[in-house]
Amino acid sequence: MSKETVMIIGSCGQVGTELTESLRTLYGTSNVVACDIRKPEADFWSEGPFEQMDVLDVKKIAELLKKYKPTQIYHLAALLSATAEKNPKLGWSLNMDGLFYVFDAALEFGVKRVFWPSSIAVFGPNTPKQNTPQYCVMDPNTVYGITKQTGERYCEYYHKRYGLDVRSIRYPGLIGYKAEAGGGTTDYAVEIFHEALKNGKYECFLGENTFLPMLYMPDAVKATLEITHAESNLIKNRSSYNISGFSFTPALLAEKIKKHVSNFEITYKPDHRQAIADSWPQSIDDAEARSDWGWKNDFDLDAMVADMIKNLAPRYKTGEM
Ligand code: AKB
């Protein structure tokens, strides 16, 4: 096997933190170049190559591609739904210009494969809410959703026009215990665990009956690595694949957490993020990902809750968090 060098842009985010760990295991720590606009302090990052990089700095991207000659890039840097609504122009520029800079640099420096995540935010108020199909009405009404939908079109365009091997999946809300969620509408599903274990209560910024599709982080990492390592002919969709784990409301999640944290109480105070959540699907049909490249989630809602508590509770007990 020829030597692979992997570059992760946005390595300190919620997905990047876990993906970097898995890619280091797969390819060897020294062959995974972690890049982020933030300079991390944790020891983990000093173990392997780390570069501070703003994805809007096109010269720096070229410099790093020249220096490391990556064969694969995972481009994760983005402003998520809630944050992008606060600064729509920056949301467009970071999510779109960043994408073009990475794609163009990948072509110029002969990068073999690029992964770029899309999101369920590509869907909008007129999209079918239940079992949302791969192809349907898409009328995203957030800056984040608009950039993800446009980005998907460009993934397909760069593949067809320039032969760039881009692969993409539409992440639902992601839940994990290793890193903080980063400015999205689904962040409550991570925060709730920390607040339950720390304070026994949580004030949710979405209403109790807000149903949203979610995925546990080990499954998100698995899906990402499976699509990027699948034979090229299996990837029939060159925009982005629906993938699904499970769906729940804040009330249902609270009920499940209560089984582990008996004194847990939840209250609701919906804010501006409610409108974003209301425009998104409630459940996702991922039949194409399942049949094209064999995607299948391992974790259901109960298994995810049990694993989150198992991993977080000891850290709160020992005062590590
Ligand atoms: C967000 O809430 O913005 C993200 C997403 C669903 O892409 N987690």
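In the block above lies the structure referred to throughout.
Everything numeric in this text was worked out from a predicted model, so none of it was measured.

Participant: I'd like a rundown of the packing of helix α5 (residues 88-108) against helix α6 (residues 143-162), residues and numbers included.
Facilitator: At a closest axis distance of 10 Å, the pairing of α5 and α6 adopts a crossing angle of 15 degrees. What the angle tells us is that α5 and α6 run roughly parallel. Considering how the two elements wind past one another, α5 and α6 form a crossing that is right-handed. On α6, the residues that touch Pro-88, Gly-91, Trp-92, Asn-95, Met-96, Leu-99, Phe-100, Phe-103, Asp-104 and Leu-107 of α5 are Val-143, Tyr-144, Ile-146, Thr-147, Thr-150, Gly-151, Tyr-154, Cys-155, Tyr-158 and Tyr-162. When its residues are assigned to classes, the contact of α5 with α6 shows 14 nonpolar, five polar and one charged.

Participant: Just give me the short version of the nonpolar core, but keep the residues and values in it.
Facilitator: Of all hydrophobic cores here, the largest spans 69 residues; its most connected members are Ile-175, Tyr-188, Phe-193, Phe-248, Leu-253, Ile-257 and Met-304. Two domains each put at least three residues into this core: domain 1 (6-173 + 216-242) and domain 2 (177-214 + 245-284 + 294-316). Each residue touching Met-304, except ones within four places of it in the same chain, is listed here: Ile-175, Phe-193, Tyr-216, Phe-246, Phe-248, Leu-253 and Phe-299.

Participant: Break down the packing of aromatic side chains for me, with residues and values.
Facilitator: Summed over the entire model, instances satisfying the criterion amount to 13 aromatic pairs. Measuring from centroid to centroid gives 6.3 Å for Tyr-157 and Tyr-162, while their planes differ by 80 degrees, and the two rings are edge-to-face. By relative accessible area, Tyr-162 is classed as partly exposed at 41%. Geometrically, the ring pair formed by Tyr-241 and Trp-293 is edge-to-face, given 5.7 Å between the ring centres and 80 degrees between the ring planes. In this pair, Tyr-241 sits in strand β12 (residues 241-242) while Trp-293 sits in helix α11 (residues 287-293), placing the two residues 52 residues apart along the sequence. For the pair Tyr-241 and Trp-293, one class covers both residues: buried. Here the basic side chain of Arg-273 rests over the ring of Phe-205, its NZ or CZ set 3.5 Å away from the ring centre.

Participant: Could you give me a rundown of the environment of Lys-59, with the residues and numbers involved?
Facilitator: Position of Lys-59 among the secondary structure elements: in helix α3 (residues 58-68). Along the chain, Lys-59 and Ala-313 lie 254 residues apart, while their C-alpha atoms are 44 Å from each other.

Participant: Please provide a residue-by-residue account of the pairing of strand β1 (residues 6-9), values included.
Facilitator: Residues Val-6 and Ile-8 point to one face of β1 and Met-7 and Ile-9 to the other, with burial holding for every one of them. Note: β1 against strand β2 (residues 32-36), four bridges, orientation parallel. Across the sheet, residue Ile-9 finds its bridge partner in β2, namely Cys-35. Here four bridges tie β1 to strand β4 (residues 72-75), and the two strands are oriented parallel to one another.

Participant: Tell me what's going on with the site of the ligand, and back it up with residues and numbers.
Facilitator: Neighbouring residues of the ligand: Leu-80, Ser-81, Ser-119, Ile-120, Tyr-144, Gly-184, Thr-185, Thr-186 and Trp-280. Between the ligand and the protein, one listed contact pairs an oxygen atom with a side-chain N or O atom of Ser-119 at 2.7 Å. Compared with its free state, where it exposes 250 Å², the ligand has 94% of that area covered by protein. Classifying every residue of the shell around the ligand by side-chain character gives four nonpolar, five polar and no charged. When residues of the shell around the ligand are assigned to domains, at least three fall in each of domain 1 (6-173 + 216-242) and domain 2 (177-214 + 245-284 + 294-316).

Conventions we followed
- Residues numbered from 1 in each chain as written.
- Predicted model: local features only at pLDDT ≥ 70, side-chain atom pairs only at ≥ 80, totals over all residues.
- Heavy atoms only, no water.
- Axes fitted to C-alpha atoms, helices over the stretch in contact; angles between N-to-C directions.
- Helix = DSSP H or I, 4+ residues; strand = E, 2+ residues; numbered from the N terminus.
- Parallel < 35°, antiparallel > 145°, perpendicular 65-115°, else oblique.
- Left-handed = near helix turned anticlockwise from the far one by under 90°.
- Contact = heavy atoms within 4.5 Å.
- Nonpolar A, V, L, I, M, F, W, Y, C, P; charged D, E, K, R; others polar.
- Core = buried A, V, L, I, M, F, W, Y, C linked by side-chain atoms within 4.5 Å.
- Buried < 20%, exposed > 50% of the residue type's maximum accessible area, 1.4 Å probe, protein only.
- Domains from an automatic or database assignment.
- Phe/Tyr/Trp six-rings, centres within 6.5 Å; stacked < 30°, edge-to-face > 60°.
- Lys NZ or Arg CZ within 6 Å of the ring centre and 35° of its normal.
- Pairing = 2+ DSSP bridges.
- Near = heavy atom within 4 Å.
- Polar contact = N/O pair within 3.5 Å; in protein donor to acceptor, adjacent residues only side chain to side chain.
- Areas by Shrake-Rupley, 256 points an atom, 1.4 Å probe, with all protein chains shown as cover.

Any functional reading would require information that these geometric values do not contain.
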